[in-house]
Amino acid sequence: MRSAFVRSLMVLAEEDKRVCLVTGDLGFGVVEPFAAKFPGQFVNAGVAEQNMTGIAAGMALCGKVVFTYSIANFPTLRCLEQIRNDCCYHNANVKIVSVGGGLAYGALGASHHATEDIAVMRALPEITVVAPGDPIEAEMATRALVARAGPAYLRLGRSGEPLVYSGDVNFQIGKAIRITDGDDVTLIATGTMLHATTQAATQLAREGIAARVLSMHTIKPLDVDAVFEAARGTRAIITVEEHSIIGGLGSAVAEVLAESAGCHVRFKRMGLPSAFTAVGSREFLTKSYSLSVEGIVESAMQVLELASSRA
Amino acid sequence: MQSSKHLLTAARAPETISGDRDLAGFARTIRIATARMIHRAKSSHIGSCFSTVDLLAVLYGGILRFDPLRPTWPERDRFILSKGHACAALYAVLAEQGFFPKSWLDTFYQDGSALGGHAMHSVPGVEVSTGSLGHGLSLGCGMALTGKREARPFHVFTLLSDGECDEGSVWEAVLFAGHHQLENLVAIVDYNKIQSLGGVDDVLDLHPFAEKWSACRWAVREIDGHNLQEIECALRQVPFERNRPSCIIARTVKGKGVSFMENELLWHYRSPNDEEFKASIAELSSAS
């Protein structure tokens, strides 16, 4: 996903000289081509995320569209107040990019697990929060964020994420993409959980369960209409995210459902517990927290059983 | 730009200073307006405002290029009040220069006012919002870098407090500006030697202060931050060296201008009561 991002950013930087990339001394093997081709649009701020974010805001206030770039929690939590006061308060054109959202750097330990970032970013005023589900979404999100004025958070996976889409995708900020249709259960996935969620839907189909899969790549502003349609058109909703179950996609969807009168759809959040996650590969960790194809299938079956018994 | 009668041109021009311009009178006007605002508002930071006033008077009295009728004129010099808690003085300056009506000053700190207790970019002439310390110099670096890369004529001036230099982010920005040779960037430190809970030397000693900036490749000058000629002389000479950002360490007095406030920690917080206010105005009005 990070390669798709940089590829897309290089095209954009060529087209639009306002586009700049500011890294916090990370992106080995990824950012060098950008730096070589666009030296006047590139800055390595060093291992100094607060300053990285502040200078990005200063550049944006002089007319630039600035992407800050680092991994895990470094471009978000480390410099949260700069994001809030310098970027969001000034509605500055700063797009914060984190590579390794979730458990991509699982073996590196909890310091490198970005598991509360969506919750924290989503709480800030003015900001747009996007977690693309595959390299194609990542590429389109990058372009869409350049076109959209104001601060944004772009949460990426790392590398080697499988493609979910084969053809054209109608990607719009704030609009969920319906990948499969069904009226039994809606699986709402964001970011790196999208691929496993689509696979789970395929397995559920074999069991005779029709799952609607929504790619909720934009967590803020949330596609409220898509949530309402899911509540009306299917018997249960499950949110799937590589993030704490507190404050992320699941919470955002729950907020919408809880405040809508007469909405009795079954609902479950799949995500990480509010705990420091263990050490291991992404595959190992996601599986141990049931964020796997099997885990999603099992949750869907359970929720639907509950839904049936209640009816 | 020449059409604007308000435009103060010839920034950093070689002509001599002060002369026929009454910078002392300007500074006195700002101090009196600031005292009125803070007294009316029953707010804090009068000492922190007074230590900055002479610096602000020189900056806005002939150094900065700006146009009150077009606060966002792209080639304006950027002034960042990184010590955003001294905004009452800045608001008084901006009102005096015609960025907004002076009547606004009476609403400072009040419910629903345009003028809050820390610098807000929604106020005409205020470049950026500040209030949390340690943000301004990074913002200034981003602006200066852009200006340098595009060969734009503006300078970026950032006014920091000494206590603010406890913040690690300040030193991230100091390193960055030196490394990137941002000679269009000026940091002015209001070195009044008193921070929130005590003397700067006692809380977290900054010594050797000038050397820290020099070591990070800044050209540093130490001045008396209340001597208008010295201030203007320094500001007209930036950049002090080619390819280096300029740091002006301005030795100041917290509460400067009102004898019972000077060098007193209390006046970081205390708001003058009616009697103290009267005494302040009397002393400020009689100042030469």
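Description of the structure in this document.

Basis of the calculations
- Residues numbered from 1 in each chain as written.
- Chains lettered and ligands numbered in written order.
- Predicted model: local features only at pLDDT ≥ 70, side-chain atom pairs only at ≥ 80, totals over all residues.
- Helix = DSSP H or I, 4+ residues; strand = E, 2+ residues; numbered from the N terminus.
- Rg over C-alpha atoms; globule rule 2.2 N^0.38 Å.
- Buried ≥ 20, exposed ≤ 12 C-beta atoms within 10 Å, placed from the backbone.
- Contact = placed C-beta atoms within 7 Å.
- Pairing = 2+ DSSP bridges.
- Axes fitted to C-alpha atoms, helices over the stretch in contact; angles between N-to-C directions.
- Nonpolar A, V, L, I, M, F, W, Y, C, P; charged D, E, K, R; others polar.
- Parallel < 35°, antiparallel > 145°, perpendicular 65-115°, else oblique.
- Left-handed = near helix turned anticlockwise from the far one by under 90°.
- Core = buried A, V, L, I, M, F, W, Y, C linked by C-beta atoms within 7 Å.

What follows concerns the overall build of chain A. Within chain A, the regular secondary structure consists of eleven helices and twelve strands. Expected size for 311 residues packed as a compact globule is a radius of gyration near 19 Å; at 19 Å, chain A falls within 12% of this value. Projecting the C-alpha coordinates of chain A onto the three principal axes gives extents of approximately 60 × 40 × 35 Å. Buried positions account for 55% of the 311 residues belonging to chain A. Here the analysis covers contacts within chain A between residues at least 6 apart in sequence; of these, 77% occur between residues at least 24 apart.

Residue and element names in this part refer to chain A. An order of β7-β9-β8-β11-β12 is seen for the five strands of this open sheet, with the pairing classed as mixed. Unpaired on one side and paired on the other, β7 (177-180) and β12 (266-272) mark the two borders of the sheet. Across the sheet, the axes of successive neighbouring strands diverge by a mean angle of 25 degrees, strand direction being ignored. Examined bridge by bridge, strand β8 (residues 185-189) and strand β9 (residues 211-215) share five bridges and lie parallel to one another. Residue pairing for β9: threonine 186 is matched across the bridge by arginine 212. Its contacts with the sheet put helix α9 (residues 249-258) on β8, β11 (236-244) and β12, and the angle it makes with β11 is roughly 145 degrees.

Residue and element names in this part refer to chain B. Of all six residues in strand β2 (residues 156-161), six are buried; the element is thus mostly enclosed. Covered by surrounding structure in β2 are Val156, Thr158 and Leu160 together with Phe157, Leu159 and Ser161, the residues of both alternating faces. With four bridges connecting them, strand β1 (residues 78-81) and β2 associate as parallel partners. The residue of β2 that forms the bridge with leucine 81 is leucine 159. Pairing analysis gives six bridges linking β2 to strand β3 (residues 185-191), with the strands arranged parallel.

All names here are of chain B. Inspection of the secondary structure assignment puts alanine 219 in strand β6 (residues 219-224). With 21 C-beta atoms packed within 10 Å, alanine 219 lands in the buried category. For alanine 219 and serine 246, which are 27 residues apart along the polypeptide, the C-alpha to C-alpha distance reads 4.9 Å. Apart from the residues lying within four places of it in its own chain, the contact partners of alanine 219 are Pro239, Phe240, Glu241, Arg244 and Ser246.

With 21 residues of chain A at the contact, the number on the chain B side is 19 residues. For the side of chain A that touches chain B, the secondary-structure elements that each account for two or more residues are α3 (49-60) and α4 (80-88) of chain A. Element by element, the count of residues in the side of chain A that touches chain B is highest for α3(A), at eight residues. Class assignment for the residues of the side of chain A that touches chain B results in ten nonpolar, eight polar and three charged.

This paragraph deals with the packing of helix α1 (residues 23-41) of chain B against helix α4 (residues 87-96) of chain B. Residue and element names in this part refer to chain B. At a minimum axis distance of 9 Å, the contact between α1 and α4 shows a crossing angle of 120 degrees. As summarised for this structure, α1 and α4 are arranged oblique, according to the angle between their axes. Once α1 is placed against α4, the crossing between them reads as right-handed. Residue-level inspection shows Thr29, Ile30, Ala33, Thr34, Met37 and Ile38 of α1 in contact with α4, the latter providing Ala88, Ala89, Ala92, Val93 and Glu96.

Counting residues in each nonpolar core, the largest one holds 179 residues, and the members touching the most others are A:Val22, A:Leu187, A:Ala300, B:Leu90 and B:Tyr91. When residues of this core are assigned to their parent elements, the largest contribution, nine residues, is made by α4(B). Among all residues touching B:Leu90, those that are not within four sequence positions of it are B:Leu56, B:Leu81, B:Ala119 and B:Val126.

Where α4(A) is concerned, the buried positions are A:Gln82, A:Ile83, A:Arg84, A:Asn85, A:Asp86 and A:Cys87. Contacts from the buried residues of α4(A) go to α3 and β4 (94-99) of chain A together with α5 (136-149) of chain B.

A few words now on the packing of α5(B) against helix α6 (residues 168-179) of chain B. Residues and elements named next belong to chain B. Look at α5 against α6: their axes get within 8 Å of each other, and the N-to-C directions meet at 25 degrees. With respect to their mutual orientation, α5 and α6 come out roughly parallel. Note that α5 runs across α6; the crossing there is left-handed. For the pair α5 and α6, the contacting residues are Leu137, Ser138 and Cys141 in the first and Ser169, Val170, Glu172, Ala173, Phe176 and Ala177 in the second. Residues of the contact of α5 with α6, tallied by class, amount to six nonpolar, two polar and one charged.

Further remarks concern helix α3 (residues 53-63) of chain B. Of all eleven residues that make up α3(B), eleven are buried, and the element is covered over most of its length. Listed in full, the buried residues belonging to α3(B) are B:Val53, B:Asp54, B:Leu55, B:Leu56, B:Ala57, B:Val58, B:Leu59, B:Tyr60, B:Gly61, B:Gly62 and B:Ile63.

Here the amide bond leading from A:Lys220 into A:Pro221 is cis, since omega sits at -5 degrees, within 30 degrees of zero. One can find A:Pro221 in the loop between β10 (218-220) and α8 (224-233). Across the junction of B:His207 and B:Pro208, the peptide omega takes the value -10 degrees, indicating a cis bond. Within the element layout of this structure, B:Pro208 appears in the loop between α7 (200-203) and α8 (209-215). Of note in the backbone geometry, A:Ser290 takes a positive phi value of approximately 65 degrees without being a glycine. Looking at the secondary structure, you find A:Ser290 in the loop between α10 (282-288) and α11 (293-310).

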